Amino acid sequence: MLMWSGQALAQSRTVSGTVRGTDAVPLPGVNVLVKGTNVGTTTDGKGMYSIAVPEEATLVFSFISFITQEIAVGNRSTLDVRLVEDVKQLGEVVVVGYGTQERKDLTGSVASIKGESISNLATPSFDQQLAGRAAGVQVTVPNGVMGQPARIRIRGTNSITSSAAPLIVVDGIPIIAGDQQSSGGGTASNPLADINPEDIESFEVLKDGSATAIYGSRAANGVILITTKKGKQGKPKVSYNAWMGLANVSSRFDLLNAEEFITISNEKRTNVGLSEIARPQYDKNANGDSSLVNTDWQDHIFRQGFQQNHALSVGGGSEKTSYYFSLGWTDQKGAVVSNEFSRATFRANIDQKIGRWLSIGANMGLSRSRTIGLNTGRGSLSGNVANASVLFPNVRVYNPDGTYNISPDGVALGQGNNLVGIGFNYPNIKFVLDNNKNNSTLYRTLGNVYLESSPVDGLRLRTQYGIDLLLVDDYSYWDPRHGDGRGPGGFISRSFTPNFRWNWQNTINYDRIIAEDHKIGLVAGVEFQQQRSEYYSAQVSSVSNEFFKNIVSGTFATPNVSGRVLQNGFDSYFGRINYGFRDKYLATFTVRNDGISDLPYTNRRGTFPGVSVGWRISEEGFFENLKSVINDFKIRGSWAEVGNVDIGYYPYLGTYSAAQYADQNGVAFSNVGNGSLRWERSKKQDIGLDLALFNNRITLNADYYVNNVDGLILAAPTA
């Protein structure tokens, strides 16, 4: 025995080397195994390994998300290896509600969008970048003014008076979305613009009832899941991305010039027997020559805007720690004068393993964004495009002395040589754009911390606490000399809207393969959420002098103070079962029970079920001869009942509000209560197919769906 052992040792030798990834970065934690034995090791923090091998040995190098390689050692003592990322494997896993799932196992309608495909597009926020990138998702912007939240509709509009916007979830935390413009401000503010597109790893759009049912009462309008970037094992990787561009309007209105305007205006008068009123105005140059005043007011509301974006990030990690840090800055001047957007962001995502079965981590984003906007509200005479399209082209923008061309009383645009002034008292838009201010500044903290335990293989216990703190500072100043501020003698508004939402989730995930044929995935959890929204506003008019552009005591005559406090919350219990037999026959069962404070106590809770099935025909034996062309072919169907949580704050209550009767102050009935109010529900059905052709180069997804909103809530006006 001693002689045999000595011979075995004599025939073994040591092989060492470095294992690197596709980008030549050393990979720590790579498994190195002598094929056919239990002899193995792992690479250290520098990607280096050393292992004793017998003669004619083959080493197996394996690492998650990389293709496993088998290499014969031969007579070498040094063996460096370059592993290649398994693109197919990476592309198969998608984020779903409260977990992940392999795409081939999906039975719902889910669209995936990689963050890198939209990160360099020149738009103020990522929501505008989703347009045209997922079937059934419609993204529109109400106008060309920066800061406007995009209108996102997934498979149409699913409500009349309740919200029709999808639920937005960032790293598992449902976030505050929608226009945060306070009633005192004139500038729209988009909270989705606070997220730096460069930090986004991927989007998943959950469209049908089965895919969204895990979110129950919040799923009627679809769900968009956003996953931010994480650090990858290896040396720190520093990345700097930047883009710059110019912004111009794609087209202008074809308006009358001065000569045409004079002719048409006078023709209208003479055709009905009235005298002419439009007359030309002339300017003189230094030589005394005269030229007809011909003003295209669009030259004064449009410009060539300059836009730039910069993003700096560093990410990396070891076997137990991963990190990603980023800084972002964008400054975008729009094609419309006095319309700008800027944003500064910081993100830190850290994950740490503690021992074999415990992990902790945090995902945190800080941002400050500012929108300089316009008063484009309904009834405003200072809407830039509407104003520029009606102003006289045969009058000056400025008087010869350099002052603005306005009427002597300061109410409207100066009439020049015309015999009558402009109708509806339209102001000189150049004065308005130069002197009025409408700004909105958003400060945001968005993130979560988690603790995750894996006591046995396949089982994950996770608790996660997230916050969304959104502070909105709105400011408006309307000059008292002309324009919107002329009537009230100057107008200043300052409002502050703090919003705070916390969300606490506790989930259990269990994945197991039984007897090689049965794949089971279980998800169960509880979730609690509360949101408090406050609003404080001070508005003053009759400002003593245009010098005062902020609310200063003693400089105004007519103050108006308003405010509100709103709060609601809900608790939820949910579960999901995924089952697959031989990767061919698939089924998913989901149920969620939600309770919300906005509904009466007796109807406060609602249960929302969902079921879906799928058949991967491409895995059947009779399909084998077609797989060289059709790589994957799956048909699926689903049914679910989901709800809409955005029904307003406590609409079932009968409420009173301040009111005036003649010259007396009092209260009046403002909302008729409905103690029988129930959840707004939708029943969704879907039949679809997924097809992959020519080594997955071409993919096709087709769906037929029916959405029946049979529990619609209608906010009828109170007489």
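**Considerations on the overall build of the chain**
The helix and strand tally for the chain stands at six helices and 35 strands. Split into buried and exposed, the 719 residues of the chain put 47% on the buried side. Restricting to contacts in the chain with at least 6 residues of sequence separation, those with at least 24 account for 67%. Approximately 35000 Å² of the chain is accessible, and the part contributed by carbon and sulfur atoms is 56%.

**Overview of the sheet that holds strand 14 (residues 173-174)**
Read from one edge to the other, the open sheet built from five strands follows the order 10-15-16-13-14, with strand pairing classed as mixed. Every interior strand has two partners, whereas the edge strands, strand 10 (110-114) and strand 14, have only one. Here strand 13 (residues 167-170) runs beside strand 16 (residues 223-228); their pairing, made up of four bridges, is parallel. Looking at the pairing, Val169 lines up with Leu225 of strand 16.

**Examining a positive patch on the surface**
Among the surface-exposed residues, Arg20, Lys46, Arg82 and Lys235 lie close enough to one another that they form a single positively charged patch. When you line up the elements, Lys235 lands in strand 17 (residues 234-247). With relative accessibility at 54%, the residue Lys235 sits in the exposed group.

**Observations regarding the pairing of strand 4 (residues 48-53)**
Burial along strand 4 is one-sided: the face carrying Tyr49, Ile51 and Val53 is buried and the face carrying Met48, Ser50 and Ala52 is not. Pairing of strand 1 (residues 13-20) with strand 4 involves six bridges; the strand directions are antiparallel. Residue Val15 lies in a different strand from strand 4, and its bridge partner there is Ile51.

**Quick word on the pattern of salt bridges**
Following the criterion strictly, the structure yields 41 salt bridges and no others. Across the pair Arg218 and Glu527 runs a salt bridge whose closest N-O atoms are separated by 3.2 Å. Here Glu527 lies in strand 27 (residues 518-541) and Arg218 lies in the loop between helix 3 (209-212) and strand 16, a separation of 309 residues in the sequence. Among the salt bridges present, the one from Arg462 reaches Glu452, with a minimum N-O distance of 2.9 Å. Here the residue Arg462 occupies a position in strand 25 (residues 459-478), and Glu452 occupies one in strand 24 (residues 437-453), the gap between them amounting to ten residues. Shared partners join several salt bridges into a network, and the residues in it are Arg155, Lys634, Arg636, Asp686, Asp690 and Asp703.

**Remarks on the confidence of the model for the chain**
With 95% of its residues at a pLDDT of 70 or more, the chain has an overall mean of 87. The element-level mean pLDDT for the chain is lowest in helix 1 (residues 2-11), coming to 38, with strand 29 (residues 585-596) highest at 95. Low confidence marks residues 1-10, where pLDDT is under 50. Its contacts with residues over four positions away, or in another chain, come to zero contacts.

**Some remarks on the packing of aromatic side chains**
Taken as a whole and judged by the stated rule, the model has 15 aromatic pairs. Ring pairs connect the aromatic residues Tyr98, Tyr215 and Phe574, which therefore count as one cluster. One cation-aromatic arrangement involves Arg462 over Tyr450; the distance from NZ or CZ to the ring centre is 4.0 Å.

**A few points about the sheet that holds strand 6 (residues 69-72)**
Ordered in space as 3-2-5-6, the four strands form an open sheet in which the pairing is antiparallel. Every other strand in the sheet has two partners, leaving strand 3 (40-42) and strand 6 as the edge strands with one partner each. This sheet shows a mean twist of 20° between the axes of neighbouring strands, independent of strand direction.

**Considering the nonpolar core**
In terms of nonpolar packing, the biggest core is built from 22 residues, with Phe203, Ile224 and Ile226 touching the most fellow members. For this core, the secondary-structure elements that each account for two or more residues are strand 10, strand 11 (137-140), strand 12 (151-154), strand 13, strand 15 (200-206) and strand 16. With three residues, strand 15 is the largest single contributor of residues to this core. The contacts of Ile224, once residues within four sequence positions are left out, are Leu130, Ile152, Ile154, Pro166, Leu167, Ile168, Val169, Phe203, Glu204 and Val205.

**Here we look at the environment of Leu130**
Relative to the helices and strands, Leu130 is located in the loop between strand 10 and strand 11. Considered as a pair, Leu130 and Glu116 are 14 residues apart in the sequence and their alpha carbons are 12 Å apart.

**A short note on unusual backbone geometry**
Of note, Asp171 is a non-glycine position whose phi angle comes to about 50°, a positive value. For Glu516, which is not glycine, the phi dihedral falls at a positive 65°. Following the sequence through the fold, Glu516 ends up in the loop between strand 26 (491-514) and strand 27. Exposure remark for Glu516: the relative accessible area of 75% places this residue in the exposed category.

**Let's talk about a nonpolar patch on the surface**
Together, Val238, Tyr240, Leu312, Leu327, Phe346 and Leu366 make up a nonpolar patch on the protein surface, roughly 580 Å² of accessible area in all. Mapped onto the elements of the fold, Leu327 is located in strand 21 (residues 321-333).

**Remarks on the pairing of strand 1**
Examined bridge by bridge, strand 1 and strand 7 (residues 81-82) share two bridges and lie parallel to one another. In the sheet register, Arg20 faces strand 7, and the bridge partner there is Arg82.

**Description of the side chain of Thr43**
Within the secondary structure, Thr43 sits in the loop between strand 3 and strand 4. For Thr43, a relative accessible area of 3% gives the class buried. A polar contact of 2.7 Å, which involves the side chain of Thr43, links it to the backbone oxygen of Leu27. A polar contact is formed between the side chain of Thr43 and the backbone nitrogen of Val30, at a distance of 2.9 Å. Beyond its immediate chain neighbours, meaning those up to four positions away, Thr43 contacts Val19, Leu27, Pro28, Gly29, Val30, Val32, Met48 and Tyr49.

**A word on helix 4 (residues 258-270)**
A rise of 1.5 Å per residue sets the reference length of helix 4, with its 13 residues, at 18 Å; its end C-alpha atoms lie 18 Å apart and thus fit the reference within 8%. Within helix 4 the residues assigned to the buried category are Ala258, Phe261, Ile262, Ser265 and Asn266. Seen end-on, helix 4 carries its buried residues on one side only, within an arc spanning 115°. Projecting away from the buried face of helix 4 at angles above 90 degrees are the exposed residues Glu259 and Lys268. Looking at the buried side of helix 4, the elements it contacts are strand 19 (290-292). The N-cap residue of helix 4 is Asn257: its side-chain oxygen and the backbone nitrogen of Glu259 are 3.2 Å apart.

Here is what the cut-offs are and how they apply
- Residues numbered from 1 in each chain as written.
- Predicted model: local features only at pLDDT ≥ 70, side-chain atom pairs only at ≥ 80, totals over all residues.
- Heavy atoms only, no water.
- Helix = DSSP H or I, 4+ residues; strand = E, 2+ residues; numbered from the N terminus.
- Buried < 20%, exposed > 50% of the residue type's maximum accessible area, 1.4 Å probe, protein only.
- Contact = heavy atoms within 4.5 Å.
- Areas by Shrake-Rupley, 256 points an atom, 1.4 Å probe, with all protein chains shown as cover.
- Pairing = 2+ DSSP bridges.
- Patch = residues over 30% accessible without salt bridge, like charges linked within 9 Å, V, L, I, M, F, W, Y side chains within 5 Å.
- Salt bridge = Lys/Arg side-chain N within 4 Å of Asp/Glu carboxyl O.
- Lys, Arg positive; Asp, Glu negative; His and termini not counted.
- Charge placed at Lys NZ, Arg CZ, Asp CG, Glu CD.
- pLDDT = per-residue confidence, 0-100.
- Phe/Tyr/Trp six-rings, centres within 6.5 Å; stacked < 30°, edge-to-face > 60°.
- Lys NZ or Arg CZ within 6 Å of the ring centre and 35° of its normal.
- Axes fitted to C-alpha atoms, helices over the stretch in contact; angles between N-to-C directions.
- Core = buried A, V, L, I, M, F, W, Y, C linked by side-chain atoms within 4.5 Å.
- Polar contact = N/O pair within 3.5 Å; in protein donor to acceptor, adjacent residues only side chain to side chain.
- Expected span 1.5 Å × (residues − 1).
- Arc of directions from axis to C-beta.

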